[in-house]
Amino acid sequence: MTQHSLTTRLEHYITTILPETHGHQRKAFRDFVAALLVVRTCCQATVARYFPNFEAASRRLTRWLHNPRLDPHAQARAHAQAVVAQLPLVGPVRIALDWTTEDRQHLLVASLLLGRRAVPLYWEAYSTAELKGAQRALEHAFVDELFARLLHELPRERLLVTADRGFCEGKLLARLEHLRVPFVFRLPAHVTVFHAQQWGKLGSLTMQGTTRRRALGHLWVMRTQPQRYWVTQARARNKKGRWEYWHLVSNRPLSALTMAHAYARRFGCEEGFRDAKRELGFAAARIAELEAWARMFALVAAALLILTQLGTALLCHPQRAQWLRQVRSRRRARTELSLLVVVCHLLDQVATFVELLTPHTKLNLDAAL
């Protein structure tokens, strides 16, 4: 695979997902995404060495990252609009909300869950100073931007949002209910519920015997800001042999099994962060300026989306068995590597593999990543 062939394919793709971007900015975005797919690290020096003229490429990358005319929020919105435009017309759309942090820089990310992996759908970057005393307000504004604007045309019955205990706050749950967005969140054990005619902490409601999950019903939740939601419990033994509980809450009458399975898929966003930080080297981006750091993440998000689309194309390609034999252990029929890692290896080894990338490739929510 040559730089020319890769950038030629990406030209059509980037134009498709960023149609309103200035030509020079779009060309730089395309070139840096192409470099990231090959070098797979966000170390600026390594990315610049992908190009024939290191010094010129280094200056170009620096100018692009620190260009004040490139609004990181606009880049994130354009990415979200491009992903939404590629969603199938039917089927569930699962979204996980979570924070990821590097030093004193924080990203609030809405990830689109695809099997066991996730791709960034929309994100916003904040410094530690900006978060101090304002985190809840920023999360509320993020939810409004995502569901009231970017996803406002998506039928609500197709959506399901999951998040960990850190997001389980009364006003945020009420905001999602107001926006008619279905959710499954995990509740902290200290949250109070009105059960058996009295208020008590969820942590005090233990399960007996071999029971693994149970539905507690349509309960009043959070005594200080009471709202009625469906509450379930699930438990499993951790690596130390101790019971670990999931106290789950939803604004839809889902069964305990359905809620547990829906929340379990949330961990795909953690795998998505791992892909960004390890497979594409976002953890190696040493960028002190927050907006420049957010612009680098836009490159990572586009690269993850491209790798995902290549992976979904690989799953139904007639040559998939031949290609997979080049990167997996031959002792077993199952590939031990994740599909994204397989795609990265194939980009290195198969010259024609990138030809699977076309601007018409659609996301496949049923792909087992």
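All of these numbers come straight from a predicted model, not from anything done at the bench.

Let us look at the overall build of the chain. When helices and strands are tallied, the chain shows 13 helices and 10 strands. Burial analysis of the chain (369 residues in total) assigns 52% to the buried set. If you take every contact in the chain between residues at least 6 apart in sequence, the share linking residues at least 24 apart comes to 62%. In the structure as shown, the chain presents an accessible area of about 17900 Å², 51% of it carried by carbon and sulfur atoms.

Among the secondary structure elements, Lys201 is positioned in strand β7 (residues 198-201). Setting aside residues up to four positions removed in sequence, Lys201 forms contacts with Ala189, His190, Val191 and Thr192.

One pass over the full model with this rule turns up 15 aromatic pairs. For the pair Trp246 and Tyr263, a centre-to-centre distance of 4.9 Å together with 75° between the ring planes defines the contact as edge-to-face. Taken together, the residues span a long stretch of sequence, with Trp246 in strand β10 (residues 243-250) and Tyr263 in helix α9 (residues 256-264) at a distance of 17 residues. Taking the relative accessible area as the measure of exposure, Trp246 reaches 17% and is therefore buried.

Turning to the pairing of strand β1 (residues 93-102), a few remarks are in order. Taken across its 10 residues, β1 has seven buried, putting it largely inside the fold. Relative to strand β4 (residues 159-163), β1 runs parallel, the two sharing five bridges. By the bridge assignment for β4, Ala96 is matched with Thr162. Of the pairings in the sheet, the one linking β1 to strand β2 (residues 105-114) comprises eight bridges and is antiparallel in character. Residue pairing for β2: Ala96 is matched across the bridge by Ser111. Hairpin remark: β1 followed by β2, antiparallel, with two residues in the connecting loop; positive phi at Asp103, about 60°.

The next thing to look at is unusual backbone geometry. Even without being glycine, Asp103 reaches a positive phi, approximately 60°. For Asp103, the position within the fold is in the loop between β1 and β2. Within the chain, Gln197 stands out as a residue other than glycine whose phi angle is a positive 65°. Relative to the helices and strands, Gln197 resides in the loop between β6 (192-195) and β7. Residue classification places Gln197 among the exposed residues on the basis of a relative accessible area of 71%.

Parameters at a glance
- Residues numbered from 1 in each chain as written.
- Predicted model: local features only at pLDDT ≥ 70, side-chain atom pairs only at ≥ 80, totals over all residues.
- Heavy atoms only, no water.
- Helix = DSSP H or I, 4+ residues; strand = E, 2+ residues; numbered from the N terminus.
- Buried < 20%, exposed > 50% of the residue type's maximum accessible area, 1.4 Å probe, protein only.
- Contact = heavy atoms within 4.5 Å.
- Areas by Shrake-Rupley, 256 points an atom, 1.4 Å probe, with all protein chains shown as cover.
- Phe/Tyr/Trp six-rings, centres within 6.5 Å; stacked < 30°, edge-to-face > 60°.
- Pairing = 2+ DSSP bridges.

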